[in-house]
Amino acid sequence: MKKVFESKYAAEVENLKRHLEDECFESEIHETFENYELLVDENIYDEVLVKLEGMKKKLSGNIVVEKAASSGKGKKADGYERGTFSYFVEEFFRLNFIKLVLISALYALLVGLGFVVYGIFTFGMEKVIGEKGLLVFVPTFCIAMILSLIILISSRFYRVFSFVREIFSIRLCSDDFYSEEKEKAFAFIKAIFGHAFILGVIIYSFFKVSS
């Protein structure tokens, strides 16, 4: 089965399923954490895709056009070149919650150890090792991990929180401006700059307290 359409509205996917059944195309609905997906057999995928793209009725969801698989070692099935910005964006949105927690823990661990190493070179091994070292490492680790996890979750699962934006904001641009690809890229950039901001605030607070 291949995913041919996805939407956060169950009613839209169900209506589309009934429409395809009227056209003698069988399909299945798969519910995920973020949205509802419409799956069809790979043998009729191309035909269904043509039907959806030719529909006069405007769809709020997204038609999923499967990119051709690449035979090169530097590419994956999504067709993006390894190491490109689009590649990293797609990889980020493949992460599940457990992996997000692990990334936050690793980020916080590196930040905490960085401050411990800085303290050793600045104040000496004897002053940092022991209780004073824990006072530097533990609060830094906990704060960095919590803030990192908040940013990662809000960025990775931006669809879940998008209804708040839709209720309290006015769209000044066309729907094309708010395409899924651009929203994913913006969320990924927000995650990167968010972690840089966290590190900057922690460094500023550390030097302000120690000075």
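Here the structure is a predicted model, which means the values were calculated and not measured. (Residues numbered from 1 in each chain as written. Predicted model: local features only at pLDDT ≥ 70, side-chain atom pairs only at ≥ 80, totals over all residues. Heavy atoms only, no water.)

## Examining helix 2 (residues 45-53)
Then comes step 1: Tyr45, Val48, Leu49 and Leu52 are the residues of helix 2 that are buried. The arc that holds every buried residue of helix 2, seen down its axis, measures 105 degrees, which confines them to one face. What points out from helix 2, more than 90 degrees from its buried face, is the exposed set Asp46 and Val50.
Then comes step 2: Looking at the packing, one finds that the buried side of helix 2 touches strand 1 (2-7), helix 1 (10-22), strand 3 (36-40) and strand 4 (62-63). (Buried < 20%, exposed > 50% of the residue type's maximum accessible area, 1.4 Å probe, protein only. Helix = DSSP H or I, 4+ residues; strand = E, 2+ residues; numbered from the N terminus. Arc of directions from axis to C-beta. Contact = heavy atoms within 4.5 Å.)

## Things to note about a nonpolar patch on the surface
Then comes step 1: Taken together, the side chains of Phe85, Ile189, Ile192 and Phe193 present a nonpolar region at the surface, about 400 Å² in accessible area.
Then comes step 2: If you tally residues by element for the nonpolar patch, the top one is helix 8 (residues 180-210), at three residues. (Patch = residues over 30% accessible without salt bridge, like charges linked within 9 Å, V, L, I, M, F, W, Y side chains within 5 Å. Areas by Shrake-Rupley, 256 points an atom, 1.4 Å probe, with all protein chains shown as cover. Salt bridge = Lys/Arg side-chain N within 4 Å of Asp/Glu carboxyl O.)

## Thoughts on the sheet that holds strand 1
Strand-to-strand pairing in sheets goes through backbone hydrogen bonds, with the strands running parallel or antiparallel.
Then comes step 1: Here four strands make up an open sheet; going across it, the order is 2-3-1-4 and the pairing antiparallel. Since the sheet does not close on itself, it has two edges, and those belong to strand 2 (27-31) and strand 4, each with one partner.
Then comes step 2: Both strand 1 and strand 3 contribute to a ladder of five bridges, which runs antiparallel. Among the inter-strand pairings, Lys3 is bridged to a residue of strand 3, identified as Leu39.
Then comes step 3: The strands touched by helix 1 within the sheet are strand 1, strand 2 and strand 3, with strand 3 carrying the most contacts at an inclination of about 20 degrees.
Then comes step 4: Docked against the sheet, helix 2 engages strand 1, strand 3 and strand 4, running at close to 25 degrees with respect to strand 1. (Pairing = 2+ DSSP bridges. Axes fitted to C-alpha atoms, helices over the stretch in contact; angles between N-to-C directions.)

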